[in-house]
Amino acid sequence: MTENNKNGWGGVCIGDECTGAEILMRALYTENVKTIFGYPGGNIMPVYDALYFRTRGNDAWFDHILVRHEQAAAHAAEGYARTSGEVGVAIVTSGPGATNTLTGVADAMMDSTPLVVIAGQVGVGALGSDAFQEVDLVGCAQPITKWAYQIRRPEDVAWAVSRAFYIARSGRPGPVVLDFPKNAQIGKCKWEPLKVDHVRSYVPYPKINIDRVKEAAALINSAKKPFALVGHGVELGGAHKELREFLEKADIPAGRTLLGLSSLPSDHPLNMGMLGMHGSYATNMKTQECDVLIAIGMRFSDRITGIPAKYAKQAKVIHLDIDRAEINKNIPVDVPVIGDCKKTLPALTELIEKADHKEWIDSFETYRQQEVEKVIEPDIHPTEGPLLMGEVTNVVSEATKGEAVLVNDVGQNQMISSRYFKMNKPMSIVSSGGFGTMGFGLPAALGACYGAPDRTVCFFTGDGGLQMSIQELGTIMEHRIPVKIILLNNNFLGNVRQWQDLMFEGRYSFTRMVNPQYSDICKGYNIPYDVCIDRKDLKAKVDKMLATDGPYLLECAIKETEDIVPMTLPGKSVDEMLLELNY
């Protein structure tokens, strides 16, 4: 046996001939891939044959999770990436298999999630002939990826994979799609390890302009009412410690975006709550009162700003972001600080003065108390009527003591669970933010279980979102994936129903759901199930769910017409946020 064989290359030495499919296995191994989500088919079979030998025995390289739909492969890879900090990997076949992943790819692009999707393709000789299950995948994927490339020769496999991982994980992360024609999978060439760490014209980590840092520090030092907006970029950059040091030195209160929720512990004294359409009342109102607004790794989406023309007009705006394209895209910026926030934050912290903004911070309390009295207490401690989403979330959150990972689907369940679920650890929120993909949650939750195997994963979903990817209960059944599913069942597409009440005079056009018996579905999938109707049973049923090994589905019968407040209505500014809705 050669030295290379001893080092784990399993029978093929460096420089020996092997197929493009086998080179793919070696390239993925080189990138430290451990978990792959996928679904086989005709034009990816050579890869799956190579994968057969790398997923068995004590020296297996990979754990392959067979999902039940290719879109779920992409979402599961997203959940894995968001909780592990690694690149998520999905392998699918050509044609519909590949296009099924594109919703997940677009979702990853919007939320800056590092993915590599590898899709089979017809042989190069058949391209353009409308062969069975042929599609121009690169053409479809280019607008929604950081890079899309077709590997036409086995000689290009190692280079393409290394380049794909480098692009996916560096700078502002995002998805990469590799289109892999069958001839390149079965063709042979000599295998040589390859590491790409540079791409011409691609600058993932811009050089920090110290003059801009000085300008930002001067604004912060002169500020009487500074306010920080903390986004997903802090999580992606691993800058949690740097963020706290910055905020604490300058005594700056902070609001968090949906995807930035776990960038700062929920109980941190400078944490003022969630920003946005259904965020905290105080964070939205104070945005319109601050004199310096410091945006850190966030993109000023419409769900944060309301009407851009009326957003924080009184404030000087500092924007820290790794992506130059975000500067002045939605909100005019006075001082841009381009770069990785793990480096720009310490540079800024060094130049800012120790400050005390107690009076400013205390002023948030008036708005917070209004929200507590009118919204939070009635949400989490109701005394009569049907169960509410807020009280279910609160009970689960208290039982998990801020240690769990929150995954949610899209809609009312997303907003309410994000508002009330407490997080004390980084990388604790997995949500479809920018794309708002219903059906995201269940596959993302099973992926999160692999990305954070030592943590409890709590998945909150509505009845609509669950049924969009309910087939993944089969994946959970097969692998006994220990996701705790909390189904908030109100027999409606709740978020759309709320908007129909607000804007369409309560005409419920196809938003009422006729639901299946989830108890029977869980029985078929051999997943433990319980239902909660009465609030006196809620805590005991939640405790039982969390104490049960493996997966569990707890269905909660929720008030059908419950609304999510506070809410900034479309076409309104953030300081016009409502604490109650009047139809």
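This text follows the structure it describes.
Rules and cut-offs
- Residues numbered from 1 in each chain as written.
- Predicted model: local features only at pLDDT ≥ 70, side-chain atom pairs only at ≥ 80, totals over all residues.
- Heavy atoms only, no water.
- Helix = DSSP H or I, 4+ residues; strand = E, 2+ residues; numbered from the N terminus.
- Rg over C-alpha atoms; globule rule 2.2 N^0.38 Å.
- Contact = heavy atoms within 4.5 Å.
- Areas by Shrake-Rupley, 256 points an atom, 1.4 Å probe, with all protein chains shown as cover.
- Lys, Arg positive; Asp, Glu negative; His and termini not counted.
- Charge placed at Lys NZ, Arg CZ, Asp CG, Glu CD.
- Salt bridge = Lys/Arg side-chain N within 4 Å of Asp/Glu carboxyl O.
- Buried < 20%, exposed > 50% of the residue type's maximum accessible area, 1.4 Å probe, protein only.
- 1 Å grid on protein atoms, 1.4 Å probe; cavity = no way out; pocket = protein on both sides within 12 Å on 5 of 7 lines; lining within 4 Å.
- Points joined across faces, edges and corners; volume = space filled by probe spheres on them.
- Nonpolar A, V, L, I, M, F, W, Y, C, P; charged D, E, K, R; others polar.
- Pairing = 2+ DSSP bridges.
- Axes fitted to C-alpha atoms, helices over the stretch in contact; angles between N-to-C directions.

(A) Representation of the overall build of the protein within the structure. Across its full length, the protein carries 25 helices and 20 strands. For the protein, whose C-alpha radius of gyration is 25 Å, the value lies close to the compact-globule estimate of 25 Å for 583 residues. With respect to the three principal axes, the spread of C-alpha positions in the protein is 70 × 65 × 45 Å. Summarising the internal contacts of the protein: among those between residues at least 6 apart in sequence, 76% fall at separations of at least 24. Of the roughly 23,300 Å² of accessible surface on the protein, 51% is carried by carbon and sulfur atoms. In the protein, which carries 59 positive and 71 negative side-chain charges, the distance between the mean positions of the two groups comes to 3 Å.

(B) Spotlight on the pattern of salt bridges. Taken as a whole and judged by the stated rule, the model has 26 salt bridges. Close ionic contact of Arg507 with Glu505 constitutes a salt bridge, the shortest N to O distance being 2.8 Å. Given a relative accessible area of 69%, Glu505 falls into the exposed group. Counted as one network, the salt bridges with shared partners bring together Arg172, Asp323, Glu326 and Lys329.

(C) Inspection of the layout of surface pockets at higher detail. In this structure, the second largest pocket occupies an estimated 660 Å³ of space. Lining the second largest pocket are 30 residues; nearest its centre among them are Met272, Gly273, Ser280, Arg368 and Ile376. Contributions of two or more residues to the lining of the second largest pocket are made by strand E11 (271-274), helix H13 (281-287), helix H16 (358-362), helix H17 (364-380) and helix H19 (412-420). No other element matches the 8 residues that H17 contributes to the lining of the second largest pocket. Of the residues assigned to the lining of the second largest pocket, the class counts are 14 nonpolar, 7 polar and 9 charged.

(D) Representation of the sheet that holds strand E3 (residues 63-66) within the structure. With parallel pairing, 6 strands are arranged side by side in an open sheet as E3-E2-E4-E5-E7-E6. Each edge of the open sheet carries a strand with a single partner, namely E3 and strand E6 (147-150). For this sheet the average axis-to-axis angle between neighbouring strands, irrespective of direction, equals 20 degrees. Relative to strand E4 (residues 88-92), strand E2 (residues 35-38) is paired through 2 bridges, and the arrangement is parallel. Across the sheet, residue Gly38 finds its bridge partner in E4, namely Ile91. The sheet strands contacting helix H2 (residues 20-30) are E2, E4, strand E5 (115-121) and strand E7 (175-181), and the helix crosses E7 at an angle near 160 degrees.

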